[in-house]
Amino acid sequence: RSPIGRGIRLKIGVLWVRVPPEVPASPYPAAPQDRPGQMENTLSTTWVSLYEAAKAVQRPRHVSSYIEAGGVAAAVESASGRIYTGVCVDTACTLGICAERNAILNMMTNGEDAIRRVLTIMRDGRTGPPCGACREMMTQLMPSRFGAVEVMIDYEAGKTMTLADLTPQWWLRR
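Rules used in this analysis
- Residues numbered from 1 in each chain as written.
- Predicted model: local features only at pLDDT ≥ 70, side-chain atom pairs only at ≥ 80, totals over all residues.
- Heavy atoms only, no water.
- Phe/Tyr/Trp six-rings, centres within 6.5 Å; stacked < 30°, edge-to-face > 60°.
- Helix = DSSP H or I, 4+ residues; strand = E, 2+ residues; numbered from the N terminus.
- Buried < 20%, exposed > 50% of the residue type's maximum accessible area, 1.4 Å probe, protein only.
- Arc of directions from axis to C-beta.
- Contact = heavy atoms within 4.5 Å.
- Salt bridge = Lys/Arg side-chain N within 4 Å of Asp/Glu carboxyl O.

Q: Which residues make up the packing of aromatic side chains, and what values go with them?
A: Tallying each qualifying case throughout the model produces one aromatic pair. Relative to Tyr 155, the ring of Tyr 51 has its centre 4.1 Å away and its plane inclined at 15 degrees; by these criteria the two rings are stacked. Here Tyr 155 lies in the loop between strand S7 (150–154) and strand S8 (159–162) and Tyr 51 lies in helix H1 (residues 45–57), a separation of 104 residues in the sequence. Grouping residues by exposure puts Tyr 51 and Tyr 155 together as buried.

Q: Give a description of helix H3 (residues 132–141) that names residues and reports values.
A: What H3 keeps buried is the set Cys 134, Met 138, Thr 139 and Leu 141. Buried residues along H3 cover an arc of 160 degrees about the axis, so they all sit on one side. Residues of H3 that are buried in the fold lie against helix H2 (99–109), strand S6 (115–121) and helix H4 (163–166).

Q: An account of the pattern of salt bridges is requested, with residue identities and associated values reported.
A: Following the criterion strictly, the structure yields five salt bridges and no others. Its salt-bridge partner being Glu 77, residue Arg 116 comes within 3.3 Å of it at the nearest N-O pair. Taken together, the residues Arg 116 in strand S6 and Glu 77 in strand S4 (residues 67–78) connect sequence positions 39 residues apart. Assessed through its relative accessible area of 1%, Glu 77 is described here as buried. Through salt bridges with shared partners, one network takes in Glu 77, Arg 116, Arg 117 and Glu 150.

Put into structure tokens, the structure is as follows:
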């Protein structure tokens, strides 16, 4: 494991991230670079940890003649600050599950029910937003608080959005 928070330079894929020693171990209260859409050339230690956690479980493989797993990986940070991971499971009969929902179900299995941040690594190695089904699950999980959930859109560029921005016309808001 990397010594995050000890003033290091960390290489994540093609991106070098400087992690200064003064970054607090707890991501809250939020530092300016932790606010949605405000990350500039450096990523907070929380986003780096989420990326590393998702990358660690992303191992595309054939489980059987009918099931593939691990092509897409996700990490969610719960309200307590714990990180939960999940991978996509694709089946021949559409009973699979997305990586984000898998990570959320992992979080719920462990007794938590609130999300702060979500990061998804796609099959091509880049990050991207959750699909509509995953967004819907997050909004139903936290109907009065889903708008504050931060979603990593582009890790290399440090671009984030809130779930409210990604789900502007949610049907239960009307």
